[in-house]
Amino acid sequence: VVEDGGRKRFELQRGPIFGQIVLADEVNRATPKTQSALLEAMGEGSVTIAGEHHALEQPFFVLATENPIEMEGTYPLPEAQLDRFLFKVIVPSPDEDTLVSILDRTTGMQQNEVPKVMDGSAILEARALVRQVRCAAPIMRYVARFIGASDPADAKASASAKKWLRYGPGVRGAQGLLLSAKVAALSAGRAHVSYEDITRVIHPTLRHRLIPSFEAEAEGVQPDSILDAILAEVPEGSEGVRALG
């Protein structure tokens, strides 16, 4: 509320969600209301405040960290929220050399400057270029088969999915998998997607979209292990069409 000539009026104070690169540190400590507010921003690129629609400046994306150890006072992200993230990257503890490098950079007098690699317009151009990468029909069908094989409710579900999963990755997972494979292909200097590009990005793209069964949770079976098992059960190319079709 601001005062204007003796009268009070409401004025929008743009918060951090109006940034273009938003870092949500330990997002599982945010309240459910805050987490749900991210859904529109991440899915639609906009926010609605008091019934008024506000478009977010592009490019816009969210980076989030999650504390996997301390669970007191945390709110696990709902599946719909997790599905908005393209990747889930597991960051292991640093090895000795990496830790020494971290200590050297963060405990001394050295001021490290992050070089500018590209601006927003270049990112938008790269995003458009990714969509121009070609994907042959057999590879696209392989993606569709893999997603179907990962859904325990699907008639063509793999044995591992039926045993270890309650729900599979769904359509948004398939879209994320193919787009990520196109990025992998482009980064390798190719204008077409290969099977290797698909397998390269399957784990970070799908691990957070799987909902394990009670049996998997009880036995400590991790999503990556389930994906590995499904990978072994879904053949590539025309053989897969004959085997599962």
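Definitions and limits used
Every chain begins its residue count from 1, and numbering advances along the sequence as written. With the structure being a predicted model, the display of local features is reserved for residues of pLDDT at least 70 and the display and counting of side-chain atom pairs for 80 or more, all residues being used for whole-chain, interface and lining totals. With hydrogens and water stripped out, all remaining heavy atoms of the structure feed into the side-chain values. Only DSSP runs of H or I reaching four residues or more are called helices, and only runs of E reaching two or more are called strands; each is numbered from the N terminus. Expected span of a helix, by definition, is 1.5 Å for each gap between consecutive residues, and there is one gap fewer than residues. The cut-offs for exposure are 20% and 50% of the maximum accessible area for each residue type, with area from a 1.4 Å probe on protein chains only; residues under the lower value are buried, those over the upper are exposed, and the others partly exposed. It is the directions from the helix axis to the C-beta atoms whose arc is reported. The contact rule is simple, with two residues in contact once any of their heavy atoms fall within 4.5 Å. Centres within 6.5 Å are what make two rings of Phe, Tyr or Trp a pair, Trp counting through its six-membered ring; a difference in plane orientation under 30 degrees is then read as stacked, over 60 as edge-to-face, and the rest as tilted. Our definition puts a charge over a ring when NZ of Lys or CZ of Arg is within 6 Å of the ring centre and also within 35 degrees of the ring normal. Buried Ala, Val, Leu, Ile, Met, Phe, Trp, Tyr and Cys residues form a nonpolar core when they are joined through side-chain atoms within 4.5 Å. Residues enter patches when their relative accessible area tops 30% and they take part in no salt bridge; the joining distance is 9 Å for like charges and 5 Å for the nonpolar side chains Val, Leu, Ile, Met, Phe, Trp and Tyr. To be clear on the numbers: accessible area is Shrake-Rupley with a 1.4 Å probe, and residue cover counts the displayed protein chains and nothing else. Salt bridges are defined as contacts in which a side-chain nitrogen from Lys or Arg sits within 4 Å of a carboxyl oxygen from Asp or Glu.

Undergrad: For this particular structure, what's the right way to read helix 1 (residues 32–44)?
TA: Look at helix 1: 19 Å from first C-alpha to last across 13 residues, which is about the 18 Å you get at 1.5 Å a residue. Within helix 1 the residues assigned to the buried category are Q35, L38, A41 and M42. Looking straight down helix 1, one finds its buried side chains confined to an arc of 115°; they lie on one side. Residues of helix 1 that are exposed and angled more than 90 degrees away from the buried face: K33 and E44. Of the surrounding elements, those touching the buried residues of helix 1 are strand 4 (46–49), strand 6 (61–64) and helix 2 (79–82). Immediately beyond the C-terminal end of helix 1, within one or two residues, lies G45, with a positive phi of roughly 70°.

Undergrad: Hey, could you run me through unusual backbone geometry in this one?
TA: Where the residue is not glycine, phi is negative for most of them; where a peptide bond is considered, it is trans in most cases. Looking along the chain, the bond that leaves Q58 and enters P59 is cis, with omega of 0°. By the element assignment, P59 lies in the loop between strand 5 (52–55) and strand 6. The residue E26 is not glycine, and still its phi comes out positive at about 50°. In this fold, E26 is placed in the loop between strand 3 (21–24) and helix 1.

Undergrad: Even after reading the chapter, I still don't get the packing of aromatic side chains, so can you show me in this structure?
TA: Two numbers describe a pair of aromatic rings. These are the distance of the centres and the angle of the planes. Under the defined criterion, the tally for this structure stands at two aromatic pairs. With 5.4 Å between their ring centres and 80° between their planes, Y142 and Y195 make a pair best called edge-to-face. In this pair, Y142 is assigned in helix 5 (residues 137–149) and Y195 in helix 8 (residues 195–206), connecting sequence segments 53 residues apart. Taken individually, Y142 and Y195 each receive the classification buried, so the pair is uniform in this respect. An aromatic cluster is built from Y142, F146 and Y195, whose rings are joined through pairwise contacts. For the cation-ring pair, R14 lies above F18, with the distance from its terminal atom to the ring centre recorded as 4.5 Å.

Undergrad: Looking at this structure, how should I read the nonpolar core?
TA: Within soluble globular proteins, side chains that are nonpolar generally end up buried alongside one another. In this structure, F146, I198, I202 and I230 are the most contacted members of the largest nonpolar core, which totals 31 residues. Elements supplying a minimum of two residues to this core: helix 5, helix 6 (159–164), helix 7 (170–187), helix 8 and helix 10 (223–233). Excluding residues within four positions of it along the chain, I230 makes contact with F146, A149, S150, S158, S160, A161 and L165. Counting residues in each nonpolar core, the second largest holds 13 residues, with F18, V22, M42 and L77 among its members.

Undergrad: Would you mind showing me how to read the environment of A229 here?
TA: Of note, A229 is situated in helix 10. Placed 68 residues apart in sequence, A229 and A161 show a C-alpha to C-alpha distance of 8.6 Å.

Undergrad: How do you make sense of a nonpolar patch on the surface when you look at a structure like this?
TA: Among the surface-exposed residues, I21, L23, F61 and L63 lie close enough to one another that they form a single nonpolar patch of about 390 Å² accessible area. For the nonpolar patch, the elements supplying multiple residues, two or more each, are strand 3 and strand 6. Relative to the helices and strands, L23 resides in strand 3.

Undergrad: I keep staring at the side chain of N28 and nothing clicks. Help me out?
TA: Checked against the element boundaries, N28 lands in the loop between strand 3 and helix 1. Classification of N28 as buried rests on a relative accessible area of 1%. Discounting chain neighbours no more than four positions away, the residues touching N28 are Q35, T65, E66, N67, T74, Y75 and L77.

Undergrad: It is not clear to me how the pattern of salt bridges should be interpreted in this structure. Could you clarify?
TA: Two side chains of opposite charge can pair, provided their charged atoms sit close to one another. On inspection of all chains with the given rule, the structure shows five salt bridges. Between E26 and R29 there is a salt bridge; the shortest N-O distance is 2.6 Å. Residue classification places R29 among the partly exposed positions, given a relative accessible area of 35%. Put simply, R172 and D83 hold a salt bridge, and the shortest N to O gap is 3.0 Å. On the criterion of sequence distance, the pair formed by R172 in helix 7 and D83 in the loop between helix 2 and helix 3 (96–106) is long-range, its members being 89 residues apart. Residue D83 is classed as buried on the basis of its relative accessible area, which comes to 15%.

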